[in-house]
Amino acid sequence: MRGAFLLAASLLVAPAALAQERPEPFLLLETSRDCATPDEDEQLVDAIELRMPTAFVIRGSVANITPDWRVSWRPSGPDACELTFTSTDNASSMALGPHPGIDEIQLAAARVAWLASVSPPREAMAVVTPPEGTPPPEPTPPAEPEPEPEPEVVPAPEPEPEPPVEPVTPAPAAQPEINRIGMKIAVVNALVLSPSPLPERAVPSFSFHAIGGRDYGLDGTQMSVLWNDVEHLARGTQLTMGVNLASPDANLTQIALAANVARGGFTGTQIALANYVRDDLRGVQLSLANVAGDVRGVQLGMVNVAANVKGVQLGLVNVGQTSDFSLGLLNVMVREPLYVDASIGHTGSL
């Protein structure tokens with residue numbers, strides 16, 4: 001997770017040295033298990049790191065270190081949680097969960113990144129000096145007034161946070177537009193047999209197209225002979241003899257004879273002759289040819305192509321930038337010390 005583990009270990013060994021160098025700002029994330037599972041917490045961390053590439057995200061507290069920003073995900077009442085962002089001069093909260101979907105997590109991460117952009121990080125982290133009982137610690141308080149002018153400069157952009165909050169509020173209002181239905185039966189998109197008429201933005205729990213078709217959303221199972229397509233909110237299973245198409249940030253099991261395609265990030269399993277994920281994959285790809293962005297999981301096929309693999313590649317040919325473990329006759333890792341490994345296995349080290 002972008003070196004966060006190594007960073008936390010180094011903070012325990014030499015916090016004073018890090019306080020002097022401090023190459024990047026720190027964000028402390030505290031999550032209650034009443035609000036999020038470990039997987040949901042990991043999704044929030046990944047989404048924040050994607051939008052704040054120059055910041056380190058740390059879970060829990062780290063001794064002797066004061067973070068630039070603090071994000072707390074705590075219960076706010078019965079069956080309710082909120083995400084609170086705190087900096088030296090700003091504090092903001094928004095409802096989140098408990099156990100939200102990936103769309104709500106992505107929206108919360110965007111809000112955190114925006115608030116951090118208008119709340120400049122500290123110039124130095126606070127380091128707790130050892131209690132020596134000598135007078136030298138007392139001269140240090142006079143040095144602290146130096147950061148004090150910063151809060152005086154920051155209030156100028158404070159009026160700006162309010163306009164961006166307005167686009168966030170319409171997001172909950174969009175939810176009522178989704179119409180969840182039980183079953184949808186159609187020949188193709190233009191010929192729907194049940195229900196009739198089909199409501200706008202319908203999200204069925206079971207969708208069957210005799211030939212093939214597209215659904216606005218899916219929260220269950222989608223079946224067809226030639227192709228399945230989901231535009232938004234894809235969760236469940238797609239089954240076809242042809243091609244399965246999924247929306248960005250889908251959470252699906254895709255099974256097809258021909259191919260499975262995800263237009264953005266994908267969580268779940270893909271099984272077909274060919275699998276493609278445009279962005280990051282969390283799960284398993286099983287086919288003759290697998291292609292994805294960053295992978296957290298397993299690629300099993302004749303040819304496997306990925307960016308950075310946090311998991312396993314098994315195949316005749318494995319291609320990537322970095323990989324925890326690749327097993328094949330030919331492994332090509334662009335950013336590893338060993339660029340081309342024409343052997344049985346590759347672990348990313350000489």
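Going by the structure above, here's the rest.
Residues numbered from 1 in each chain as written. Predicted model: local features only at pLDDT ≥ 70, side-chain atom pairs only at ≥ 80, totals over all residues. Heavy atoms only, no water.

1. Considering the state of the cysteines
What the rule picks out here adds up to one disulfide. Each disulfide pairs two cysteine sulfurs, and for Cys35 the partner residue is Cys81, the sulfurs being separated by 2.1 Å. Judged by the sign of its S-S torsion, about -90°, the cystine formed by Cys35 and Cys81 is left-handed. With a gap of 46 residues between them, Cys35 in the loop between strand 1 (26–31) and helix 3 (38–51) and Cys81 in strand 4 (residues 80–86) connect regions that are remote in the sequence. Considered together, Cys35 and Cys81 belong to a single accessibility category, that of buried residues. (Disulfide = S-S within 2.5 Å. Helix = DSSP H or I, 4+ residues; strand = E, 2+ residues; numbered from the N terminus. Buried < 20%, exposed > 50% of the residue type's maximum accessible area, 1.4 Å probe, protein only.)

2. Side note on the sheet that holds strand 4
Two pairing modes exist for strands in a sheet, parallel and antiparallel, and in both the strands are linked by backbone hydrogen bonds. Taken together, the five strands give an open sheet; going across it, the order is 2-1-3-4-5, and neighbouring strands pair in mixed fashion. Two strands lie at the open edges of the sheet, namely strand 2 (56–59) and strand 5 (91–95), each paired on one side alone. Averaged over neighbouring strand pairs, the angle between their axes works out to 25° when direction is ignored. Packed onto the sheet, helix 3 meets strand 1, strand 2, strand 3 (69–77) and strand 4 and runs at close to 160° relative to strand 2. (Pairing = 2+ DSSP bridges. Axes fitted to C-alpha atoms, helices over the stretch in contact; angles between N-to-C directions. Contact = heavy atoms within 4.5 Å.)

3. Side note on empty space enclosed by the protein
According to the stated counting rule, one finds one cavity of 30 Å³ or more in the structure shown. Volume-wise, the largest cavity comes out at about 40 Å³. Every residue along the wall of the largest cavity is listed here: Val71, Leu83, Thr84, Phe85, Ser92, Ser93, Met94, Arg111, Val112 and Leu115. For the lining of the largest cavity, the secondary structure elements donating two or more residues are strand 4, strand 5 and helix 4 (102–117). When grouped by side-chain class, the residues that make up the lining of the largest cavity number six nonpolar, three polar and one charged. (1 Å grid on protein atoms, 1.4 Å probe; cavity = no way out; pocket = protein on both sides within 12 Å on 5 of 7 lines; lining within 4 Å. Points joined across faces, edges and corners; volume = space filled by probe spheres on them. Nonpolar A, V, L, I, M, F, W, Y, C, P; charged D, E, K, R; others polar.)

4. Things to note about the pattern of salt bridges
Applying the stated criterion across every chain yields a total of 10 salt bridges. Of the charged contacts, one joins Glu42 and Arg296 as a salt bridge, the two residues approaching to 2.7 Å between their closest N and O atoms. Taken together, the residues Glu42 in helix 3 and Arg296 in strand 20 (residues 295–300) connect sequence positions 254 residues apart. Members of the salt-bridge network, linked through shared partners, are Glu42, Asp46, Arg282 and Arg296. (Salt bridge = Lys/Arg side-chain N within 4 Å of Asp/Glu carboxyl O.)

Keep in mind these numbers describe shape, not what the thing actually does.
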